[in-house]
Amino acid sequence: MQKALSHIFSSLLVLAALIMLSWGLLGFLEYFSGLAPLMPLQNETFPIGMQTLHWILITVSGATFLAGYALRWRYTPIAMLVMFTALATMCAVQTFDMLQNPDRYRNLVVECINYTLISVYLFRAQRMRERFGRITVKTAHRSAPLEA
């Protein structure tokens, strides 16, 4: 049962990464050409620099996970932790400085919880360890005490 749930969750992560990559690419298409094939994606409350960073982070996050997953890149969990940190930071800035919708704080909390749960899964799940290998931190070993 646990293996089946882990398989479903990892499949959902791949789907989410595909959606993020597609969303980012469509956002860039609209950003550079003004063409919005599905629906408008630009947020008028974001300054141009924030909008650029927004699309870069979304696109790179989706691409990083998909490439890492496909290539079984051992540092995929670490790379995604870095991407999630950048996305959460960007979301916090947008939430506190730019967004006006009444659900913005709840949405920020939900987004951060999602990033945390996915990160824990990437680092701790047996399925992810089998896919990426185990990430360990090596520390220096002292065979003798330091002398003054």
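Note: the structure precedes this text.
Each chain has its residues counted from 1, following the order in which its sequence is written. Two thresholds apply to this predicted model, a pLDDT of at least 70 for residue-level local features and 80 or more for giving and counting side-chain atom pairs, whereas whole-chain, interface and lining totals are computed over all residues. Note that the side-chain values use all heavy atoms of the structure and ignore hydrogens as well as water.

1. A closer look at the overall build of the protein
Note the threshold: Comment: elements are numbered from the N terminus, with helices defined as DSSP H or I runs of at least four residues and strands as E runs of at least two. For the radius of gyration, the atoms used are the C-alpha atoms, and the globule rule reads 2.2 Å times the number of residues raised to 0.38. Buried means the residue's accessible area, taken with a 1.4 Å probe over protein chains only, is under 20% of the maximum for its type, while exposed means over 50%, and partly exposed covers the values in between. Residue contacts follow a heavy-atom distance rule, with two residues in contact if any of their heavy atoms lie within 4.5 Å.
Helix and strand counts for the protein stand at 5 helices and 0 strands. In terms of overall size, the protein is more extended than a compact globule, its C-alpha atoms giving a radius of gyration of 19 Å where 148 residues would be expected to give roughly 15 Å. Each principal axis of the C-alpha atoms in the protein carries an extent, and together these give about 65 × 50 × 30 Å. Per-residue burial over the protein gives 32% buried out of 148 residues. In the protein, the proportion of contacts linking residues at least 24 apart, taken out of those at least 6 apart, comes to 66%.

2. Observations concerning the packing of helix α1 (residues 2–33) against helix α2 (residues 48–71)
Selection criterion: Comment: axis = line fitted to C-alpha atoms, over the contacting stretch for helices; angle = value between 0 and 180 degrees taken between N-to-C directions. Two helices cross in a left-handed way if the nearer one is turned anticlockwise from the farther one by less than a right angle. They cross in a right-handed way if the turn is clockwise. Classes in brief: Ala, Val, Leu, Ile, Met, Phe, Trp, Tyr, Cys and Pro nonpolar; Asp, Glu, Lys and Arg charged; the others, Gly included, polar.
The contact between α1 and α2 brings their axes to 8 Å, and the two run at 145 degrees. Considering only the axes of α1 and α2, their crossing is left-handed. Classifying every residue of the contact of α1 with α2 by side-chain character gives 18 nonpolar, 9 polar and no charged.

3. Looking at the environment of V14
Looking at the element boundaries, V14 is found in helix α1. Between the C-alpha atom of V14 and that of V110, which follows or precedes it by 96 residues, the distance is 19 Å. Setting aside residues up to four positions removed in sequence, V14 forms contacts with F65, L66 and Y69.

4. Notes on the pattern of salt bridges
Quick note on the threshold: In what follows, salt bridge is the name for a side-chain nitrogen of Lys or Arg lying within 4 Å of a carboxyl oxygen of Asp or Glu.
If you walk through the whole model with that rule in mind, you get 1 salt bridge. D103 is paired through a salt bridge with R106; the nearest N and O atoms lie 3.8 Å apart. By relative accessible area, D103 is classed as partly exposed at 38%. When its relative accessible area of 48% is taken as the criterion, R106 is described as partly exposed.

5. Describing the side chain of Q42
What counts, and what does not: Contacts described as polar in this section are N or O atom pairs within 3.5 Å, which, within protein, must combine one atom able to donate a hydrogen with one able to accept it, while residues neighboring in sequence count only if both atoms come from side chains.
Following the sequence through the fold, Q42 ends up in the loop between α1 and α2. A polar side-chain atom of Q42 sits 2.9 Å from the main-chain carbonyl oxygen of G27. Setting aside residues up to four positions removed in sequence, Q42 forms contacts with G27, E30, Y31, Q51 and W55.

6. Brief notes about unusual backbone geometry
One non-glycine residue, R72, lies in positive phi territory at about 55 degrees. Mapped onto the secondary structure, R72 falls in the loop between α2 and α3 (76–97). A relative accessible area of 47% places R72 in the partly exposed class.

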